[in-house]
Structures are given as C-alpha cells and as structure tokens.
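Fold and geometry: a report
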Amino acid sequence: MKTIVCVDREWGIGSANDLLYHIPEDMKFFREHTLGKVVVMGLATLKSFPNAAPLKNRINVLLCDDPSFESEGVIMCGSIESLLETLKSYDTDDVFVIGGASVYAQMLPYCDTAYVTKVDSEKPADKYFPNLDEMPDWECVDESEEREYEGVKFKFTEYKKQINQ
C-alpha cells in the first residue's frame, strides 16, 4: 500500500479543511500516480473535492464512522478493520492513502511507500502528516530536482519503509 501527500517544512498538510498549497505540477503528479487505482480517504477529504464527488477513474474507498453518510460511487468502510478487509480485494500496489491527517496516521503502518511532495515553505497548518524523516523505519530513496511555482520551491520525494531483517 502507498500513500501520497504534499507537506510543508513542518510536515503540515492543511488548514481549515483545505490544502496548504495548490501547485499544478503536484496535482498532475497526484493524478498520474492515482489514476485507475484505489484511493482511500476520510470524510473531510471527500468533502473537499468539487461537489464532494468521488475522484473520477479511481475506486474511491471512504473510511467514515458515520453510518448515516452516503455518497454515490464510494465504497463505505466504518472502521479500520472493515477497510482492511475491503482492501484485500485489490492489489496492494494499486492502493493509495490520500488523506486526511487521521486517515494518514491510521493507515501509515500498513503502507510501504510514501510519495511526498516537499514544499520549501511554511504556512499555518492545523493538520499534519507524520514526519517520516524522524521515523527510523522510513528512508528517503528518491528525490527530484528542486522545482518552483509562483516563487514556491518544492521537490518530489519517495520514501520506502525499511523491513527489519
């Protein structure tokens, strides 16, 4: 299972139910990696999409403990246990955890790869991704050249979970 996220210097990912950064190249990177795949998200992430509609051309799986919530085109899972059971139907290489913060934190132990767009800037954030640089079982294995959009510098990185031998 993989995860994909855009973070600032402090590993902030969002504020007031919105992303900290809207970088077209990062959005393209996200689309290219998740198109035709399974995306796992929480309710706030789903509601942040235009018209709170699931992402097109992907299998959308929602971790949501509100049994009254319904959304067409979304596979509902009321617990981590039911989510993990649902995901057994898919190739783990095709599953991407896409947010928000609590879903990232709950699902990170099940992930082996993290695609992290690192923005060399800071904005006030109220949601964070776990800092992989401080986790001994995660290692940055790839890093792009630095890029820039409207004065904001960023790079694409890939982390792999190190399996204890």
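My aim in this report is to walk through the structure given alongside it, one point at a time. The shown structure was predicted, so the numbers you read here are calculated from the model rather than taken from an experiment. (Residues numbered from 1 in each chain as written. Predicted model: local features only at pLDDT ≥ 70, side-chain atom pairs only at ≥ 80, totals over all residues. Heavy atoms only, no water.)

What about the packing of aromatic side chains?
Stated formally: Any pair of Phe, Tyr and Trp rings, taking the six-membered ring for Trp, is counted once the centres come within 6.5 Å. Such a pair is stacked with planes under 30 degrees apart, edge-to-face with planes over 60 apart, and tilted for the rest. The helix count covers DSSP runs of H or I at least four residues long, the strand count covers runs of E at least two residues long, and both are numbered beginning at the N terminus. For every residue, the accessible area obtained with a 1.4 Å probe (protein chains only) is divided by the maximum for its type, and the residue is called buried under 20%, exposed over 50%, and partly exposed between those limits.
Taken as a whole, this structure holds 7 aromatic pairs when the rule is applied. Taken together, a centroid distance of 4.8 Å and an interplanar angle of 75 degrees make the contact between Tyr104 and Phe129 edge-to-face. Of this pair, Tyr104 sits in helix H4 (residues 101-107) while Phe129 sits in the loop between strand S9 (127-128) and strand S10 (138-143), and the two are 25 residues apart along the sequence. Among the residues examined, Tyr104 registers a relative accessible area of 5% and is labelled buried.

A closer look at the nonpolar core
What counts is decided by this rule: We call a set of buried Ala, Val, Leu, Ile, Met, Phe, Trp, Tyr and Cys residues a nonpolar core when their side-chain atoms join them within 4.5 Å.
Formed by 27 residues in total, the largest nonpolar core has its most connected members in Leu83, Leu87, Phe129 and Leu132. Those elements that place two or more of their residues in this core are strand S1 (2-7), strand S4 (38-42), strand S5 (59-63), helix H3 (80-87), strand S7 (95-99), H4 and strand S8 (113-119). The greatest single-element share of this core, amounting to 4 residues, is contributed by H4.

Focus: the sheet that holds strand S2 (residues 12-15)
Defined as follows: One bridge is not enough; two strands pair if DSSP finds at least two bridges between them.
Ordered by their spatial adjacency, 3 strands build an open sheet running S3-S2-S9, and the pairing between neighbours is antiparallel. Two strands in the sheet have a free side with no partner beyond their single neighbour: strand S3 (18-19) and S9. By the bridge criterion, 2 bridges tie S2 to S3 in an arrangement that is antiparallel. Each bridged residue has a counterpart across the sheet, and for Ser15 the counterpart in S3 is Asp18.

Regarding the pattern of salt bridges
So the rule is basically this: A carboxyl oxygen of Asp or Glu within 4 Å of a side-chain nitrogen of Lys or Arg is what we treat as a salt bridge.
Scanning the model with the defined rule gives 10 salt bridges in all. Between Asp133 and Lys118 there is a salt bridge, and its shortest N-O distance comes to 3.0 Å. Placement of the pair is Asp133 in the loop between S9 and S10 and Lys118 in strand S8, with a sequence separation of 15 residues. The structure contains a network of salt bridges with shared partners spanning Arg9, Asp120 and Glu122.

Examining the state of the cysteines
Each disulfide consists of one covalent bond between the sulfur atoms belonging to two cysteines. Applied cut-off: Sulfur atoms of two cysteines make up a disulfide when they are within 2.5 Å.
Overall, the coordinates contain 0 disulfides when judged by the stated rule. Cys77 provides the cysteine sulfur closest to Cys64, a residue in no disulfide bond, and the two sulfurs are 10 Å apart.

Here's the deal with the pairing of S4
Extensive coverage of S4 is indicated by the burial of 5 of its 5 residues. Residues Val38, Val40 and Gly42 of S4 are buried on one face, and the alternating residues Val39 and Met41, pointing to the opposite face, are buried as well. Where S4 meets S5, 5 bridges bridge the pair, whose relative direction is parallel. When the bridges of S5 are listed, Met41 appears paired with Leu62.

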